[in-house]
Amino acid sequence: MKNKDKGTAKSISIRSMNKFFQAVHVLKDLSLEVQAGEFLVLLGPSGCGKSTALRLIAGLESISSGELFIGETNVTNVLPKYRDIAMVFQSYALYPHKTVAENIGFPLKMAKTPKADIDTAVLAAAQQVELGDYLERFPGQLSGGQRQRVALARAIIRRPSVFLMDEPLSNLDAKLRGNMRAELKYMQSKLGVTMIYVTHDQIEAMTLAHRVAVLKDGTLQQLGTPKEVYSNPANLFVAGFMGSPPMNFISGAIDNESFTTKGVKLPLPGAPKSNQVTLGFRPEDCRIVKAGSGAMDAEVYTAELTGDQVLVTLQLHGSQIVSRMPKEFEIGDTQIAGIEVDARHLYLFDSESGLRITADSTR
Amino acid sequence: MQTSRVSEWLDRHMGRLFLMPAVVLILVFSIFPLVASLIIAFARIRLTGGGFSVRFVGLRNFEKQFFGSEQFHLLGTFTDISVIGLLFGLLATLGLIWWMVLYVRAHFSVVGFLGRMITFLMALGLAWLFSATLLSGNLFGTLGTTLFYVFVGCGIQFLIGTALAYACSFQFRGTTSFRVIFFVPMMITPIGVGYIFRMMADTTKGPFSGVWQWVGLGEFAWASDPWAARIFIVVADSWQWIPFVFIMLLAAFESVPRDFTEAAELDGANAWQKFTEITWPHVLPVAATVMLIRVIEAFKIVDLPNIMTSGGPGIATESVSLQSYFAWRSLDLGQASAIAYVLLFVTVIICVSFFNLVVLARVRKAS
Amino acid sequence: MTKPAARRSLFEPPDIGQMATATKIVLYTVLLAWSAFVLFPIYWLIITSFKTIAAVNQGPYFLPWIDFEPSLHAWKELFVNDYRDTFRAYFNSIVISLSATALAILVGSMAAYALSRVKFAPNLITILYFVGLLALTGVAVGIYDVDWRVAAATAIALFFFLARAIGRLYQLRLQNGDILFWIISQRILAPIVVVVPIYMMFQSVRLLDTHLAIILTYTVINLPVVVWLMYDFFNSIPRDLEESAQLDGATMIGIFREIILPLSRAGLAATTLLVVILCWNEYLLALFLSTNKAQTMPILVAAMNAGERGILWWTMSAVIMIMIIPVVIMAILLQKYIAKGILVGAVKG
Ligand SMILES: Nc1ncnc2c1ncn2[C@@H]1O[C@H](COP(=O)(O)OP(=O)(O)OP(=O)(O)O)[C@@H](O)[C@H]1O
Ligand SMILES: [Mg+2]
């Protein structure tokens, strides 16, 4: 298995994987199928178990229960070095006492590749990430972005069948992060490898992924394309996690096929009767209008100009509602404003379970 | 395929293979001798030509040390206890009982209680030994002498070493040379130190003979006065080991973040407050560990008394190790092992108590 | 406008970032006094090695060329008359210290590395069987004169049987911390406790008075020091470096050699220096384990206490001096690592 099919992308299949650290249940019955050549992003808040999942796939931690397949092989108990996986760590894990060239060539050296072959491969990999001029430097003498590219080069030089990345962009400044994002995406499609990418940044997830897996407290919340996850969230958590600024929520009840709460009444044809629901709509799906003419009235809190848009924050029964308005919009000294919502983009959730409730009008 | 099977097996068990040599070496050269030594301590051994013959004598060797003809040698004599001795012994007993009561009242766990009970009994025993021998004007034995070396010696080394380290932790001209100079005595072999200090202490031909004569002690032979001899050994030992305390604590002092002391300075702390409030608490864990190491090593003291006084006058400067060595030299292996085991017993209890009550207490408090 | 010179008392710093004059005076006085206390015995050692016998015996002389005429007779005795003894002891000391240090560092840092990275869970009950059987074997061989091969074979068979049969039933798992404590606690053993059996052991395999015997013994007594210092050092190296190497196909040996050892240079240097000093200066064990061929320098020093002729202070001083020199050179070479190396080990406490 070891060498003959090197470099061809492989699928990954995670079957009911659990992980305990002593008594702490960190990953709960995780099942995921990743196709060969797919770019999958594991997304979730801090501490939800993303890194743990990645380390289980890499074999750096043992799996408490469940199975893991790479390609057709069951690798549940296989040592990391036999899994043919490359990983880029959040800290990059560059060896401080080795030069850039030695760092990049390290995997080949471990595979006992002849020196001459290593040199050519290192040069090729370095040029691919535009590091050709830095080969003799030590990691301490590089900038954050350059270090990141060294780590990348060290991963691609092996032509692994699976690529794992743990928040590789989180140490970079905003501009560099944008550039590297594009570069990563290009690199992945060119190499055609299977990639599992961990992040807590939903913009990275949206822009990079073929499919996104949203994780919370070690449980898989939703798996789908970025578009699906964004526009069709399975529950309150996913709805609130995706999008920036996040979705607005108002709690209330459904009575007579309409959503009601103090001072608000919104018709929702087909919605089942329920006492405790949460209504959600995205900032871009609502508009500020004159008081009394929208679906509800709220107190104006702030207005922030972000450049291409104005974010208006309002307060309704103690919760905040954000509306995204075009940049020409001026709030003036209005105290109370109306909010008009787009009836086609309303989301309804059961407040207790957090699950999505579908009404005819909210499909 | 075969080789990859082997290499995979190696990979999986490499951790054990890494640990194995150390464990095997310790088992063979430390644990096995330890067990064998215990067996020897219960026997009389005669070296005969190439081999040796063994006769099992039960507790006889220990009996002789604690209650028999060697009692004066190991423990000292305690014919009659003086009033001061009695008073001190009673006070110490009451204090120790009070300490146990406080512990039991505060928090109780079986293991913790047993541990403290052992500490308690050892402290009680040593306190009564102290009052029955030294405080009552009786002769005290090698155990007392060893404890003198350990506690007085380590105390001096700790105080001076810490002071020097703190002084050198400031930035001023010449610190580097001072550091190098202060480190030198540690590099000299202990028996060398013993001989050097014998030269230093010579009242007629040594460098300070003029001083001795001027004070009127020209004819004073320090080697024949028990206390002068003991103190001199402590001085030589301190000369050699202060550098160790110094270098470790210097590293600790330098690792105290500057921000802390600077913040304290802005808050109006004076130099002494900066030291007690900021620097010292930061350094204390290291200091505790360093002193534990020093105490462990100090219990083994043998070269200096051997070289400087051969244990004399009489047995005044003999340490337990040295007593055991002398027993070995007279080919009494059973006695040698029994004495060594007494030393081991005392050392382990004192060191583990120290570790438990000082080093670990801080860890517990922190967590 | 220039800054007006601040008039401050002796007890206030003359300028920001400086020490008060009084502090400075006290500090320098104390440090200089201590330097004198440290250096004077060494100075006396050096001049004694250049004194004639008469100059030593006739009372204190302090200054060469003024008080006494320096003479090389002690050095001549050491390097011309008795050069065989001197060089043999010197050679023995070098071989023994370096080999024992190398071995202790290798074995000790491997163990420390394993303890800091791999989880072990040995069964205490099994260990107790082992020690119990060891003791029984010792009794059988030592007291009842059973042939040691028979005893060892029986003990090993019995151990495996018990470990399999009962070890499964009763389990009391130890952790890495316990193993670490066990190894480090070996340092509590005074050499005198174990030296008699070690002596008898080497005697029975006819290894007394050989380099090997002393090297092995020194290695073991210094293992705890190495494990203690290196464990903390290894713990301070970030794990992800190794994990990354692991994914790249490196074995544990590869990681240890390629990544861990190069990154621990400072710690290794400090530990090496300490262990070399300890081996180089050791006296009691060498006294037990060597009679003639394998004698080390400290024994040569003691040999200058030549019975009926009294102590040969002059040659002894010369011997002690040639013992100090290599250690000082080594300390100077490794100096820049020492502070750093000790720091990590010690500061974690
Ligand atoms: N070795 C360990 N022992 C015990 N608990 C652990 C261990 N490693 C991780 N955990 C716990 O498992 C949970 C998940 O950790 P993990 O590192 O996977 O989070 P994450 O999603 O990567 O978070 P972040 O985005 O902050 O990196 C955390 O609550 C963490 O405290
Ligand atoms: Mg993480």
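Residues numbered from 1 in each chain as written. Chains lettered and ligands numbered in written order. Predicted model: local features only at pLDDT ≥ 70, side-chain atom pairs only at ≥ 80, totals over all residues. Heavy atoms only, no water.

Student: With reference to specific residues and values, describe the nonpolar core.
Tutor: Formed by 242 residues in total, the largest nonpolar core has its most connected members in Leu-164 and Ile-196 of chain A, Leu-19 of chain B together with Leu-31 and Ile-192 of chain C. In this structure, Ile-196 of chain A is in contact with Ile-12, Val-34, Leu-40, Leu-42, Leu-54, Ile-57, Phe-163, Leu-164 and Met-165 of chain A, ignoring residues within four places of it in sequence. One finds Val-41, Leu-135, Ile-156 and Leu-208 of chain A within the second-largest nonpolar core, a separate group that totals 47 residues. (Core = buried A, V, L, I, M, F, W, Y, C linked by side-chain atoms within 4.5 Å. Buried < 20%, exposed > 50% of the residue type's maximum accessible area, 1.4 Å probe, protein only. Contact = heavy atoms within 4.5 Å.)

Student: Requested: an account of the side chain of Arg-356 of chain A, with residues and values cited.
Tutor: Residue and element names in this part refer to chain A. Relative to the helices and strands, Arg-356 is located in strand β21 (residues 356-357). Buried and unpaired, Arg-356 has no salt bridge, with Asp-285 as the nearest side chain of opposite charge at 10 Å. Here Asn-232 takes part through its side chain, which lies 2.8 Å from a polar atom of the side chain of Arg-356. At 3.1 Å, the side chain of Arg-356 and the backbone oxygen of Pro-233 are in polar contact. (Helix = DSSP H or I, 4+ residues; strand = E, 2+ residues; numbered from the N terminus. Lys, Arg positive; Asp, Glu negative; His and termini not counted. Salt bridge = Lys/Arg side-chain N within 4 Å of Asp/Glu carboxyl O. Polar contact = N/O pair within 3.5 Å; in protein donor to acceptor, adjacent residues only side chain to side chain.)

Student: Please provide a residue-by-residue account of the sheet that holds strand β1 (residues 12-21) of chain A, values included.
Tutor: Residue and element names in this part refer to chain A. Pairing is antiparallel in the open sheet, where four strands are placed in the order β2-β1-β4-β5. Looking along the sheet, the strands with just one partner apiece sit at the ends: β2 (24-34) and β5 (73-74). Looking at chain direction, β1 and β2 are connected through seven bridges and run antiparallel. Among the inter-strand pairings, Ile-12 is bridged to a residue of β2, identified as Val-34. Contacts between helix α1 (residues 50-58) and the sheet are confined to β1, β2 and β4 (65-70), with β1 contributing the most and set at about 115° to the helix. (Pairing = 2+ DSSP bridges. Axes fitted to C-alpha atoms, helices over the stretch in contact; angles between N-to-C directions.)

Student: Lay out the site of ligand 1 with the relevant residues and their values.
Tutor: Residue and element names in this part refer to chain A. Around ligand 1 lies a shell formed by Phe-21, Val-26, Ser-46, Gly-47, Cys-48, Gly-49, Lys-50, Ser-51, Thr-52, Glu-167 and His-200. At a separation of 2.8 Å, an oxygen atom of ligand 1 approaches a polar side-chain atom of Lys-50. Between Ser-51 and ligand 1, the recorded distance is 2.5 Å, taken from a side-chain N or O atom to an oxygen atom. Against a free-state accessible area of 640 Å², the protein chains account for coverage of 58% of ligand 1. When residues of the shell around ligand 1 are assigned to their parent elements, the largest contribution, three residues, is made by α1. Considered class by class, the residues forming the shell around ligand 1 number three nonpolar, six polar and two charged. (Near = heavy atom within 4 Å. Areas by Shrake-Rupley, 256 points an atom, 1.4 Å probe, with all protein chains shown as cover. Nonpolar A, V, L, I, M, F, W, Y, C, P; charged D, E, K, R; others polar.)

Student: Got a sec to walk through the domain arrangement of chain B? Specific residues and values, please.
Tutor: Residues and elements named next belong to chain B. Domain parsing of chain B yields domain 1 (2-41) and domain 2 (61-77 + 139-366). On the domain 2 side, the residues contacting the six residues of domain 1 number eight residues. Here domain 1 packs against domain 2, burying approximately 520 Å² in sum over the two surfaces, 63% of which is carbon and sulfur. Viewed at the interface, domain 2 and domain 1 are joined by zero salt bridges. Counting across the domain 1 and domain 2 interface gives two residue pairs in polar contact (both at pLDDT 80 or more). Taken together, the residues of the side of domain 1 that touches domain 2 break down into five nonpolar, one polar and no charged. (Domains from an automatic or database assignment. Buried area = accessible area lost by both parts, 1.4 Å probe.)

Student: Can you explain the pairing of strand β7 (residues 162-166) of chain A? Please cite residues and give values.
Tutor: All names here are of chain A. Where burial is concerned, most of β7 is hidden: five out of the five residues are buried. The alternating pattern of β7 places Val-162, Leu-164 and Asp-166 on one face and Phe-163 and Met-165 on the opposite face, and all of these are buried. One ladder, built from four bridges, connects strand β6 (residues 85-88) with β7; its direction is parallel. Bridging across to β7, Ala-86 finds its partner in Phe-163. Two elements, β7 and strand β8 (residues 194-199), share five bridges in a ladder whose sense is parallel. The partner of Phe-163 across the bridge, within β8, is Met-195.

Student: Account for the sheet that holds strand β17 (residues 309-316) of chain A, with residues named and values stated.
Tutor: Residues and elements named next belong to chain A. Taken in spatial order, the five strands of this open sheet run β15-β19-β16-β17-β18, and their pairing is antiparallel. Lying at the two open borders of the sheet, with one neighbouring strand each, are β15 (286-289) and β18 (319-326). The average undirected angle you get between the axes of adjacent strands in this sheet is 45°. Relative to strand β19 (residues 336-341), strand β16 (residues 296-305) runs antiparallel, the two being bridged by four bridges. Residue pairing in the sheet places Asp-297 in a bridge with Gly-338 of β19.

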